[in-house]
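Now for the letters of each chain:
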Amino acid sequence: MSESTTQQKPKRALFSSNTRQKLLAFASLIGLMVFFSLASPSFMQTDNIVGILQATAVNGVLAIACTFVIITSGIDLSVGTLMTFCSVMAGVFLTYWGLPFYVGVLAAIFFGALSGFISGTLIAKLKIPPFIATLGMMLVLKGLALVISGTKPIYFNDTPEFTSISQESLIGYLLPDLPIPNAVLILFVMAVGASLILNKTVLGNYTFALGSNEEAVRLSGVNVDRWKIVIYTFAGAICGIAGLLIASRLNSAQPSLGQGYELDAIAAVVIGGTSLSGGTGTILGTIIGAFIISVLTNGLRIMSVAQEWQTVVTGAIIILAVFADNMRKSK
Amino acid sequence: MTPIVTIRHLNKTFPGVRALNDAQFELFPGEVHALMGENGAGKSTLMKVLAGVYQKDSGEILVNGQAVEINDPREAQALGIGIIHQELNLMSHLSVAQNIFIGREPRTRSGLFIDVPRMWRDTQEVLDRLHLTLDPRTLVGDLTVAKQQMVEIAKALSHAESRVLIMDEPTAALNNAEIDELFRIIGQLKSHGVGIVYISHKMDELKRISDRVTVMRDGQYIATVPTAETSMETIISMMVGRTLLDTGGPQVPAEQSEVVLEVRNLNRGKVIKDVNFVVRKGEILGFAGLMGAGRTEVARAVFGADKVDSGDIRVRGEKVSIRHPADAVRLGIGYLSEDRKRYGLATGMDVSSNVVLASMKRFLWSQFVLKRQAIRATCAQFVKQLEIKTPSLDQKVALLSGGNQQKIVIAKWLVRDCEILFFDEPTRGIDVGAKSEIYKLLNALAQQGRAIVMISSELPEILRMSHRILVMCEGRITGEVSAAEATQERIMQLATRRETAKSN
């Protein structure tokens, strides 16, 4: 997966990240899986694995969005409620207005991008710190989702193809033994795409550059404000896709959902080794981080650990992951 | 010959400050033109206007005889004007190639992706042209400061038609060998007809490489003179607008006075190897050596900022254990970091808060509430005593000049009543006028009976100030020289005495 391994020569290849950081996260994931499969025979069953994959999709996509923002040394607290807002807008277009399926899909992505554009503008042009700007947007979007939907779920009964976004299995259609839901396929396609964008394009280059030394980028003659807005807009559009995934899975837009998702997404990014101070990070790490969270949740549930304790363990794991990363860096 | 750059009647005002007042400047192809002046004289501002970082209020800029408007760094680059800023402006998480081509990455045919192989090739070309041995793929954060400086130069010169290169204090963090390397590159650029603007406070460097010197003071143009025909004294007096009093050499303390600090067998990994020394009351002990010789590390270790592997420290004859800076401060040891802004000052806070920062306890009612009156009275006293130039005690420290910031750090440790003071590069980034005031202050502190350890990479400073000089190389003390027998040659010889050449 990594393009770094072919370049043996000096320290690291140009666009690659620190391979060891990914190895550490990956080893923890494998460790957890081994532990749970020893602890409970039902863990490794296909149904359960598919369940884990399915449960990771939404958080994984949100975490991809957060990875971009966090590498710029920013933060986006609005991803969770933005996801909900986008699913409500899809509901408005499809169920309220009866527009065709693809219009609803485009609408969700459009409103995601629009919200990201607004956050980016607040941050770049009005110089509002990302934490505050996106905290504000988080509440605004939560409120708007409730207002627009009249606080009631919007069901997609008129557009049967909508549920297939998430629930049907294209892979299972081709390979009947692998009933991997489309949501997971979408997550992986997006991860590969995001990884390419992050590592091979100018957008990704500026994402790292802004997080590494924003002033230096400005003095190099780059329009820093514009690129910041582009990055937040891009992240917003990804949240729109997450909105489609969750709405499709629930066959409804649930306006009261969403808050709290941003923290899971940020946790996945951080466990994946992306530094909150910016400049470094990988999509692969983020995806591994997202899987660590869902494996943990799933495994603890299978072992019949109480819900309350699951939360405690997840929190401890996040702290441990960042601590391990710090230890590694200080060496 | 037409000048490549002509600047005339340039004015620039920042809120509350007239930074440039009818400034002028002229640069010919193949010329190294030094720009001199005290801090705040407007050198950097003038060059930032030329490089498009700031916009001028009025005045004109001509490039090759053509009037131009430079609105942002990109337009300056298009005109062939590159600048290396005083602080390194690199992205440490990115590779050399990414840093050099930031903002104009070569794309693949589709325009979607960055053409990475081509970027490497182009970078290699730029590096080869400058005879720099660097790998385009290395992360900048893994390079030494000197190599990073080279990356900055390569970046500034990588534009197709670089005709002007502005260097703002490029040698501040370089050692002698690295400075030689830099000067070699400058000579090479010169022979290719690049005009170079060189801003520096180091007089000896200007003599070595510049053709002409333009002096600025208080935002105004003072004069342009040929370097070879002008004495240092003349240049300095033009800069400060007065003749400086030479404080003379160090006053040797009358007797071998009491030892206040004794360090024995100090070791820390590879950076401090078996270091032994004593500091006496009323003396200035100079620590000479090249960058990275371990001097700062010794100071930090004694101060308790870093953990040591072994070593005994005695303060006034008593064996002490210093595990944290708090222990050191309690014993009356103060450390003035080489990086004032990062480690010495809370730059966002005002003068009085900074002055009492290390001695808060003395200024509290019931261990909790600030004694405002007492704080202000003490600060006012030190501001007066050290001649700190500040509009008020409520001035933000970030807005003061480097020399005055340094005096505030000194005041902080004096309020704390420290008897042993470590000064790490006390005059770095400070202009000549303020330098001599800091020297006067150091002498005065020594005469009051305080023990002073001064770490400095500037040999003239070491020779002028120290009563005794210790020289370090690669973590070891390679020799001790008394003020009377010290010469630059002797110190350099000790500073480069590596382990293998060790005799005894």
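> I'd like a description of the overall build of chain A, backed by residues and values.
In terms of helices and strands, chain A carries 13 helices and two strands. On C-alpha atoms alone, chain A measures out to a radius of gyration of 20 Å, which is about the 20 Å that the 2.2 N^0.38 rule sets for 331 residues. When the backbone C-alpha atoms are referred to their principal axes, chain A occupies close to 55 × 55 × 40 Å. By sequence separation, contacts in chain A at least 24 residues apart represent 76% of the contacts at least 6 residues apart. Carbon and sulfur atoms provide 68% of the accessible area of chain A, an area that totals close to 14300 Å². Across chain A, the mean location of the 18 positive side-chain charges is 14 Å away from that of the 14 negative side-chain charges.

> Which residues make up the domain arrangement of chain B, and what values do they have?
Interfaces are frequently sized by the accessible area removed from exposure as the parts join. Assigned domains of chain B: these are domain 1 (5–240), domain 2 (265–332 + 419–504) and domain 3 (345–418). Computed from C-alpha atoms alone, the centre-to-centre distance between domain 1 of chain B and domain 3 of chain B is 36 Å.

> Please set out the pairing of strand β16 (residues 333–336) of chain B residue by residue, giving values where relevant.
Residue and element names in this part refer to chain B. Here β16 shows no split at all, with I333 and Y335 on one side and G334 and L336 on the other all buried. Bridging between β16 and strand β19 (residues 420–424) involves four bridges; their strand directions are parallel. Looking across to β19, one finds that I333 is bridged to I420.

> Explain the pattern of salt bridges residue by residue, including any values.
Throughout the structure, instances matching the rule amount to 25 salt bridges over all chains. Connected through salt bridges with shared partners, the residues K125(A), K127(A) and D225(A) form a single ionic network.

> Lay out the nonpolar core in plain terms, naming residues and giving numbers.
Formed by 148 residues in total, the largest nonpolar core has its most connected members in I64(A), I153(B), L165(B) and I186(B). With 14 residues, the top contributor of residues to this core is helix α2 (residues 46–71) of chain A. Here I186(B) is in contact with V32(B), M167(B), I196(B), Y198(B) and I209(B), once residues within four sequence places are set aside. Core analysis: the second largest hydrophobic core is formed by 78 residues, L336(B), W413(B), F423(B) and I491(B) among them.

> I'd like to hear about the confidence of the model for chain B, residue by residue, with values.
Low-pLDDT stretches of the model should not have their predicted coordinates read in fine detail. Chain-level pLDDT for chain B is 85 on average; 95% of the residues reach the 70-or-more range. Across chain B, the secondary-structure element scoring lowest on mean pLDDT is helix α11 (residues 340–344) of chain B, at 74, and the one scoring highest is strand β20 (residues 451–455) of chain B, at 94.

The rules behind these values
- Residues numbered from 1 in each chain as written.
- Chains lettered and ligands numbered in written order.
- Predicted model: local features only at pLDDT ≥ 70, side-chain atom pairs only at ≥ 80, totals over all residues.
- Heavy atoms only, no water.
- Helix = DSSP H or I, 4+ residues; strand = E, 2+ residues; numbered from the N terminus.
- Rg over C-alpha atoms; globule rule 2.2 N^0.38 Å.
- Contact = heavy atoms within 4.5 Å.
- Areas by Shrake-Rupley, 256 points an atom, 1.4 Å probe, with all protein chains shown as cover.
- Lys, Arg positive; Asp, Glu negative; His and termini not counted.
- Charge placed at Lys NZ, Arg CZ, Asp CG, Glu CD.
- Domains from an automatic or database assignment.
- Buried < 20%, exposed > 50% of the residue type's maximum accessible area, 1.4 Å probe, protein only.
- Pairing = 2+ DSSP bridges.
- Salt bridge = Lys/Arg side-chain N within 4 Å of Asp/Glu carboxyl O.
- Core = buried A, V, L, I, M, F, W, Y, C linked by side-chain atoms within 4.5 Å.
- pLDDT = per-residue confidence, 0-100.

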